[in-house]
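Spelled out from the first residue to the last, the chains are:
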Amino acid sequence: LSEKTAKNIFGLVPLTADGACDGPEKKAVAVVTGPGPGYQERETWTRQMDFMMSCVGFAVGLGNVWRFPYLCYKNGGGVFLIPYLLIVVVGGIPIFFLEIALGQFMKAGSINVWNIAPLFKGLGYASMVIVFFCNTYYIMVLAWGFYYLIKSFNSPLPWSTCDNEWNTLNCIEIFRHQDCNGSLPNTTMSNNMTCAEMANARSPIIEFWENKVLNISSGLDETGEFNWELTLCLMAVWVMVYFCVWKGVKSTGKIVYFTATFPYVVLIILLVRGVTLPGAYDGIMFYIKPDWSKLEEAQVWIDAGTQIFFSYAIGLGALTALGSYNRFNNDCYKDAFVLAMINSGTSFFAGFVVFSILGFMAAEQGVDISQVAESGPGLAFIAYPKAVSLMPVAPLWAALFFFMLLLLGLDSQFVGVEGFVTGILDVFPGKQNFRYRREISVAICCLLCFIIDLSMVTQVSDTLTGGMYVFQLFDYYSASGMTLLWQAFWECIVVAWVYGADRFMDDVARMIGYRPFPWMKWCWSFITPCVCMGIFLFHLVNYKPLTYNNVYVYPWWGEVIGWCLALSSMLCIPVTLLYKLFRAKGTFKERWAHLTCPVWGPHHLEYMAPDIKSLSSLSPGTDDNKVIIFESVM
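All values derive from a computational prediction rather than experimental measurement.

(A) Representation of the overall build of the protein in the model. Looking only at helices and strands, the protein features 26 helices and 6 strands. Looking at the protein as a whole, 57% of its 634 residues are labelled buried. Excluding contacts between residues fewer than 6 apart, the proportion of contacts in the protein whose partners are at least 24 apart in sequence is 79%.

(B) How the structure looks around the packing of helix 19 (residues 467-478) against helix 22 (residues 556-570). Packing of helix 19 against helix 22 brings their axes to within 8 Å, and their N-to-C directions diverge by 45°. The angle between helix 19 and helix 22 places the two elements in the oblique class. Considering the relative orientation of helix 19 and helix 22, their crossing is right-handed. Facing Leu-473, Phe-474, Tyr-477 and Ser-478 of helix 19, the residues of helix 22 in contact are Gly-558, Glu-559, Ile-561, Gly-562, Trp-563, Leu-565 and Ala-566. Tallied by class, residues from the contact of helix 19 with helix 22 come to 7 nonpolar, 3 polar and 1 charged.

(C) Summary view of the pattern of salt bridges. The tally for this structure, following the rule as stated, stands at 9 salt bridges. Of the charged contacts, one joins Lys-254 and Asp-50 as a salt bridge, the two residues approaching to 3.6 Å between their closest N and O atoms. Remark: Asp-50 occurs in helix 2 (residues 48-59) and Lys-254 occurs in helix 10 (residues 249-259); sequence separation between them is 204 residues. On the basis of relative accessibility, which here comes to 0%, the residue Asp-50 falls in the buried class. Put simply, Asp-502, Asp-506, Arg-515 and Lys-521 are held in one network by salt bridges that share partners.

(D) Highlighting the environment of Ile-95. Within the secondary structure, Ile-95 sits in helix 5 (residues 81-106). With 241 residues separating them in the primary sequence, Ile-95 and Ala-336 have C-alpha atoms 9.6 Å apart. Those residues in contact with Ile-95 that sit more than four places away from it in its chain are Phe-309, Ile-314, Ala-488, Glu-491, Cys-492, Thr-528 and Cys-532.

(E) Spatial organisation of helix 8 (residues 204-214). Among the 11 residues that make up helix 8, 9 are buried, leaving the element largely enclosed by the rest of the structure. The set of residues buried in helix 8 consists of Pro-204, Ile-205, Glu-207, Phe-208, Trp-209, Glu-210, Lys-212, Val-213 and Leu-214. The elements touched by buried residues of helix 8 are helix 6 (122-151), helix 9 (228-245), helix 16 (377-389), helix 19 and strand 4 (547-548). Asn-215 sits one or two positions beyond helix 8 and adopts a positive phi of about 45°.

(F) Spotlight on the packing of aromatic side chains. Counting across every chain of the model gives 63 aromatic pairs. Centroid distance Trp-45 to Phe-51: 6.3 Å. Interplanar angle 50°. Geometry classified as tilted. Judged by relative accessible area, Trp-45 falls into the buried class, the value being 6%. On the numbers, 5.5 Å between centres and 70° between planes, the contact of Phe-262 with Phe-403 is edge-to-face. Linking Phe-262 in helix 11 (residues 262-275) with Phe-403 in helix 17 (residues 394-427), this pair joins segments that are 141 residues apart in sequence. Residue classification places Phe-403 among the partly exposed positions, given a relative accessible area of 26%.

(G) Representation of unusual backbone geometry in the model. That bond from Ser-155 to Pro-156 is cis: its omega, 0°, falls within 30 degrees of zero. Of note in the backbone geometry, Ala-313 takes a positive phi value of approximately 55° without being a glycine. Of note, Ala-313 is situated in the loop between helix 13 (298-311) and helix 14 (318-324).

(H) View of the UniProt feature "binding site: Na(+)" (unreviewed entry) in the protein. As annotated in UniProt, the feature "binding site: Na(+)" (unreviewed entry) corresponds to Gly-57, Ala-59, Val-60, Asn-64, Ser-311, Asn-343, Leu-408, Asp-411 and Ser-412 in the numbering used here. With the annotated positions falling across 356 residues, the maximum pairwise C-alpha distance of 14.2 Å places them together in a single cluster. Mapped onto the elements, Ala-59 comes out in helix 2. Using a relative accessible area of 8% as the deciding quantity, one classes Ala-59 as buried.

(I) Geometry of helix 16. Over its 13 residues, helix 16 runs 17 Å from end to end, which matches the ideal 18 Å to within 8%, given 1.5 Å per residue. At Ala-383, helix 16 shows its largest bend, some 30°, and a proline, Pro-385, comes one to four positions later. Where burial is concerned, most of helix 16 is hidden: 12 out of the 13 residues are buried. Within the span of helix 16, buried status applies to Gly-378, Leu-379, Ala-380, Phe-381, Ile-382, Ala-383, Tyr-384, Pro-385, Lys-386, Ala-387, Val-388 and Ser-389. Turning to helix 16, the residues buried within the fold contact helix 3 (62-66), helix 6, helix 8, helix 11, helix 15 (332-365) and helix 17.

(J) Geometry of the nonpolar core. One finds Trp-144, Phe-381 and Phe-504 to be the most contacted residues of the largest nonpolar core, which totals 194 residues. Here the element with the most residues in this core is helix 6; it accounts for 20 residues. Not counting chain neighbours up to four residues away, the residues in contact with Phe-381 comprise Trp-66, Val-141, Trp-144, Gly-145, Tyr-148, Ile-205, Trp-209, Phe-402 and Leu-405.

(K) The arrangement of the side chain of His-604 in detail. Secondary-structure assignment places His-604 in helix 25 (residues 604-608). A polar contact is formed between the side chain of His-604 and the backbone oxygen of Phe-105, at a distance of 2.9 Å. Within the local environment of His-604, its side chain forms a polar contact with the side chain of His-603, the two groups lying 3.2 Å apart. Excluding residues within four positions of it along the chain, His-604 makes contact with Phe-105 and Met-106.

(L) How the structure looks around the packing of helix 9 against helix 10. In contact at an axis separation of 7 Å, helix 9 and helix 10 are set at 120° when each is read in the N-to-C sense. As summarised for this structure, helix 9 and helix 10 are arranged oblique, according to the angle between their axes. Counted together, Phe-243, Cys-244 and Val-245 of helix 9 and Ser-251, Thr-252 and Ile-255 of helix 10 form the full contact between these two elements. When grouped by side-chain class, the residues that make up the contact of helix 9 with helix 10 number 4 nonpolar, 2 polar and no charged.

(M) Layout of the environment of Phe-414. Looking at where Phe-414 falls in the secondary structure, it is placed in helix 17. Separated by 360 residues in sequence, Phe-414 and Ser-54 place their C-alpha atoms 9.8 Å apart. If we ignore the near neighbours within four places in the chain, the residues touching Phe-414 are Val-241, Cys-244, Val-245, Thr-252, Ile-255, Val-256 and Thr-259.

(N) Just the state of the cysteines, in detail. If you walk through the whole model with that rule in mind, you get 1 disulfide. In this model, Cys-162 is linked to Cys-171 through a disulfide, with the two sulfur atoms separated by 1.9 Å. Taking the sign of the S-S torsion, about -70° here, the bridge from Cys-162 to Cys-171 comes out left-handed. For the residue pair Cys-162 and Cys-171, the accessibility class agrees, reading buried in each case.

(O) How the structure looks around the confidence of the model for the protein. Looking at the protein, pLDDT values average 82 and 81% of them are 70 or higher. Within the protein, no element has a lower average pLDDT than helix 26 (residues 623-633), which sits at 39, and none a higher one than helix 23 (residues 572-583), at 95. Long-range and interchain partners of residues 22-29, a stretch whose pLDDT sits below 50, account for 22 contacts in this model, where long-range means more than four residues apart. Taken as a whole, residues 460-465 scores under 50 in pLDDT and shows 20 contacts with residues more than four places along the chain or in a different chain.

The rules behind the values
Residue numbering note: each chain is counted from 1, following its sequence as written. Since the coordinates come from a predicted model, pLDDT governs what is reported: local features require at least 70, and pairs of side-chain atoms require 80 or more to be given and counted, while whole-chain, interface and lining totals use all residues. Remark: hydrogens and water are excluded; side-chain values derive from all non-hydrogen atoms of the structure. A helix here means a DSSP run of H or I that spans at least four residues, while a strand means a run of E at least two residues long, and both kinds are numbered starting from the N terminus. Only protein chains enter the accessibility calculation, which uses a 1.4 Å probe; a residue is then buried when its area is under 20% of its type maximum, exposed when over 50%, and partly exposed in between. Two residues qualify as a contact provided that any one of their heavy atoms is within 4.5 Å of a heavy atom in the partner residue. Note on method: axes are straight lines fitted to C-alpha atoms, helices fitted across the in-contact stretch only, with angles between N-to-C directions ranging 0 to 180 degrees. Our angle categories are set so that under 35 degrees counts as roughly parallel, over 145 as roughly antiparallel, 65 to 115 as roughly perpendicular, and the remainder as oblique. Each crossing gets its hand from how the near helix is turned against the far one by less than a right angle, where anticlockwise is left-handed and clockwise is right-handed. Under the scheme applied, nonpolar residues are Ala, Val, Leu, Ile, Met, Phe, Trp, Tyr, Cys and Pro; charged residues are Asp, Glu, Lys and Arg; polar residues are all the others, including Gly. When a carboxyl oxygen of Asp or Glu is within 4 Å of a side-chain nitrogen of Lys or Arg, the pair counts as a salt bridge. Any two rings among Phe, Tyr and Trp, with Trp reduced to its six-membered ring, count as a pair given centres within 6.5 Å; such a pair is stacked if its planes are under 30 degrees apart, edge-to-face if over 60, and tilted if neither. UniProt positions are given in the numbering used here, feature names are shortened, and annotations may be inferred rather than shown by experiment. Each residue after the first adds 1.5 Å to the expected span of a helix. Bend angle per residue: angle between axes fitted to the 7 residues ending at that residue and the 7 residues starting there. Nonpolar cores are built from buried Ala, Val, Leu, Ile, Met, Phe, Trp, Tyr and Cys residues. Side-chain atoms within 4.5 Å join them into one set. Two N or O atoms form a polar contact when they lie within 3.5 Å of each other; inside protein one atom must be a possible hydrogen donor and the other a possible acceptor, and for residues adjacent in sequence the pair counts only when both atoms belong to side chains. Two cysteine sulfurs form what is called a disulfide whenever their separation falls within 2.5 Å. Per-residue confidence from the predictor is given as pLDDT, running between 0 and 100.

This is the structure in structure tokens:
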């Protein structure tokens, strides 16, 4: 090796005379950050199955169970699978693979992974902001699920009767609105209530949810003391998350074997129970019956695209962090397809479970299935608890369901925290040998999120809580479809057009031993960015102010807070880009060339060596290759 090349390998100077990269076709032309004192090799998964289980646990979450089935029935049943699968192929899988491959290639978390094009490091900061907000509010669903799980061990179930302290005079356990069709308002029904009174009647499960669990107030501006029962549940869940993450991927990779697989056992049990209930067949047919006219509606295609980006956990940086712990030669291309099939298959399978139960619930109440079909928290905490309250041995089925709900959300939560902490530790490496560095970092992250979460469990009096409005504000803006689509669009642009799609395909080939199908390159370069930007603009044009239950309209300052949450991540990309350009020296062309020059890590030493002619015939990772590289450097 020449003195100049040897210095470059040790991270002293760039290869080119002017210190800039000459173009994406020159892979070795870049700055290399040397190992330096105290450098420790990045830890890897004990087994590759640990990585697969972690990805399944993170990507397969509550959205697969409570959002996909509702969207499927709402958008034409089985017909919805056509736009869904099409966007999986052109958008979901390409970006899913891109994020995992980037992490594996750069061996870094969501921030340092963009050393591949340092000018766009704002992408890493944006994903960190999004996943932080997501970690903050998502765990509230787990706190509610944990609260329901505890209450499930009571018989009768507390949400099945109207004789509790939180119930009102309008509470009715069983009522049939269709009996009042065509009747006069003052007609008395069998339960000694008139039809006018029946119109204002409330189910005990709704009163349990709103009056007991949420103690919901009249608006966002009413906050005060804490709901201590919910606060204790929140604290307990955060403690679980901490002890799942504190030791890194060595412990996380073991825990996900249970948290990622046991929900499938529960889903199968619930399906077997569901299909044996009266009305289950009608519910399932309602779920899959095709309505071909729906394909003409733009909203159907938008719903499919948005669901995929939510379900595949794209743009959060956690997939990048998980991929960074892979072996350099792991076949992440094959992994991406397997994980995508598991994710989408789980969504479709969960629909049969949900709608078999909803069909039974509709048959018991004598109403149409469309009147009981819910999405989101409405399904998990209203429709499903109501359904299980009508079954024999109701506490057993309630406990099974909420235990599954807790596990589905728990692995998504702690892998999200793992992704955030990984990014932080990569940016601030500090003393690598500091014994409790990770444990303290995870504790600070969990504590900070817990403090913010306290705003979501506040109450203004003995009976009123405003925390639900804060939760929905985070849910609607901070990790919304627009922020994830914006993030995914720029990821594709940077890799395909700044770093170079062909160049990255070569990098992937170096890792996995073969070149992926060109379809990936075409998607990164053209198709996926167009899909992301099209759905993004549709969301922007059809933006509607946030409301709660279509009744409460958020005040103007509430919307301002929401947009601040959204823009706090979206603006990271352009602001960081402009800041780096203005701080650099030289002409615009020189600044661009310098700032888009990749910064390689120590593990790329072996990857860059094949530029030497004597090594061109050797495949990466062989013992001979390692010996020759060592001797060459010496």
